[in-house]
Amino acid sequence: MGINNDLENCKTADDLWSLYDLYDGEAIGKAVRNFCLKYRTKAKVLEAVYWDGLALEYASEAMRNDKEVVLEAVWQNGDALRYANEALQGDREVVIVAVRNSMDGDALQYASWKLRNDKKVVMKAVNQDGLALCFASKKMRGDRDVVVAAVQDEGGALRYASDELKADRGVVLAAVKQAGDLLAEVEFYDRDALPSLMRPDGGALRWASRELRNDKEVVLEAVKTNWPALEFASEELRADRDVVLAAVKQDGRALKYVREVVQEMARCWIVEAKND
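Computed from a predicted model, the values in this text were never measured in an experiment.

Draft legend 1. Highlighting the overall build of the protein chain. Of regular secondary structure, the protein chain possesses 16 helices and 0 strands. Taken across its 276 residues, the protein chain has 49% of its residues classed as buried. Of all intrachain contacts in the protein chain linking residues separated by at least 6 positions in sequence, the fraction that spans at least 24 positions is 45%. Put simply, the protein chain shows about 14,600 Å² of open surface, and 47% of that area lies on carbon and sulfur atoms.

This is the structure we're talking about:
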């Protein structure tokens, strides 16, 4: 009888899930969107967004301005906020539900400017995914609590922090340690996954201030967990025995970032370390 007919006969969520045994997810998603286009009554639109929040895109303007409908949509998929009426993108309750139900915190980008400057809202987003910091207001990207929360989830979020916080030793250490905590957890469960966590862009250290890229403790923490970070260390530390060995221990390719003047000496350091 076809997916559209089966969809119309669904009465409960369990009925919908049973369709996944018969059709692929993409086909079901398309059918839900068609369902939303066909039936413009609130009850039917609520059914559609309950199944697929992104179906809100195909709802009427009146439905996209209905708080009950939009809340149902963002509960199912936070990114449905992008299709809400502008007034509801500025509704604190709606936006908080959206960022909580957005896998990567991306829903924050669809919030009003006022709410991107709301600390509670932004904290919810960066706790979902630190990189959501890029959608926060300038004021929030300069708020230490917000930035620490962001880099503790994703060290690379340091990129979006204010210049002042990129020069904050505590913030930068939190950022570079985040990779270490993640690697320790993954190593315990799946050593084969370790190489995929290495950041070829140097991770958080790349975005630290010049002063902190010359801080030995910070750089050591960075290269121990992400050897490409050595590229962004100061010239002095790229010739430091402890730093070089910490990076090379992770991967011999780190030698390419060692200062040329100590390349040969670095190879001697490696041999000595192996014999110790």
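That was the structure; now back to the text.
Draft legend 2. Spotlight on the packing of aromatic side chains. What the rule picks out here adds up to 1 aromatic pair. Across the ring face of W113, the terminal group of R116 is positioned such that the distance to the ring centre comes to 4.4 Å.

Draft legend 3. Highlighting the side chain of R116. Following the sequence through the fold, R116 ends up in helix 9 (residues 113–116). Despite being buried, R116 has no salt bridge partner; E86 is the closest side chain of opposite charge, sitting 10 Å away.

Draft legend 4. Summary view of the pattern of salt bridges. Applying the stated rule across the entire model yields 14 salt bridges. Note that R169 is salt-bridged to E217, the shortest N-O span being 2.5 Å. Highlighted residues: R169 in helix 13 (residues 169–189) and E217 in helix 14 (residues 216–225), separated in sequence by 48 residues. Owing to a relative accessible area of 34%, R169 belongs among the partly exposed residues under this scheme. Salt-bridge contacts for R259 lead to E235; the nearest nitrogen and oxygen are separated by 3.9 Å. You can see R259 sitting in the loop between helix 15 (241–250) and helix 16 (263–275) and its partner E235 sitting in the loop between helix 14 and helix 15, a full 24 residues away along the chain. Given a relative accessible area of 28%, R259 falls into the partly exposed group.

Draft legend 5. Local environment of the nonpolar core. In terms of nonpolar packing, the biggest core is built from 82 residues, with V74, L81, L108, L158 and L230 touching the most fellow members. Apart from the residues lying within four places of it in its own chain, the contact partners of L108 are V99, R116, V121, V122, A125, A132, F135 and A136.

Draft legend 6. Expanded view of the environment of R241. Its location among the elements puts R241 in helix 15. Its relative accessible area of 30% is what places R241 among the partly exposed residues. R241 sits 29 residues away from I270 along the chain, and the two C-alpha atoms are 9.3 Å apart. Once residues lying within four places of it in the same chain are set aside, the contact partners of R241 are W269 and E272.

The rules behind the values
The residue numbering used here restarts from 1 in each chain and proceeds along that chain's sequence as written. Note on the predicted model: pLDDT of at least 70 is required for a residue's local features to be given, and 80 or more for side-chain atom pairs to be given and counted; whole-chain, interface and lining totals, by contrast, use all residues. Based on all heavy atoms of the structure, the side-chain values leave hydrogens and waters out of the count. Secondary structure elements follow DSSP: runs of H or I of four or more residues count as helices, runs of E of two or more count as strands, with numbering from the N terminus. Under the scheme applied here, a residue whose accessible area is under 20% of the maximum for its type counts as buried, over 50% as exposed, and between as partly exposed, the area being computed with a 1.4 Å probe on protein chains only. Residue contacts follow a heavy-atom distance rule, with two residues in contact if any of their heavy atoms lie within 4.5 Å. Here the Shrake-Rupley method, with its probe set to 1.4 Å, supplies the accessible areas, and only the displayed protein chains count as covering residues. Stacked, edge-to-face and tilted labels apply to pairs of Phe, Tyr and Trp rings (six-membered ring for Trp) whose centres lie within 6.5 Å, assigned for plane angles under 30 degrees, over 60, and everything in between, in that order. Whether a charge sits over a ring depends on NZ of Lys or CZ of Arg being within 6 Å of the ring centre and within 35 degrees of the ring normal. Counted charges follow a simple rule, with Lys and Arg positive, Asp and Glu negative, and His plus the chain ends left uncounted. We define a salt bridge as a side-chain nitrogen of Lys or Arg found within 4 Å of a carboxyl oxygen belonging to Asp or Glu. The criterion is simple. A nonpolar core is a set of buried Ala, Val, Leu, Ile, Met, Phe, Trp, Tyr and Cys residues joined through side-chain atoms within 4.5 Å.

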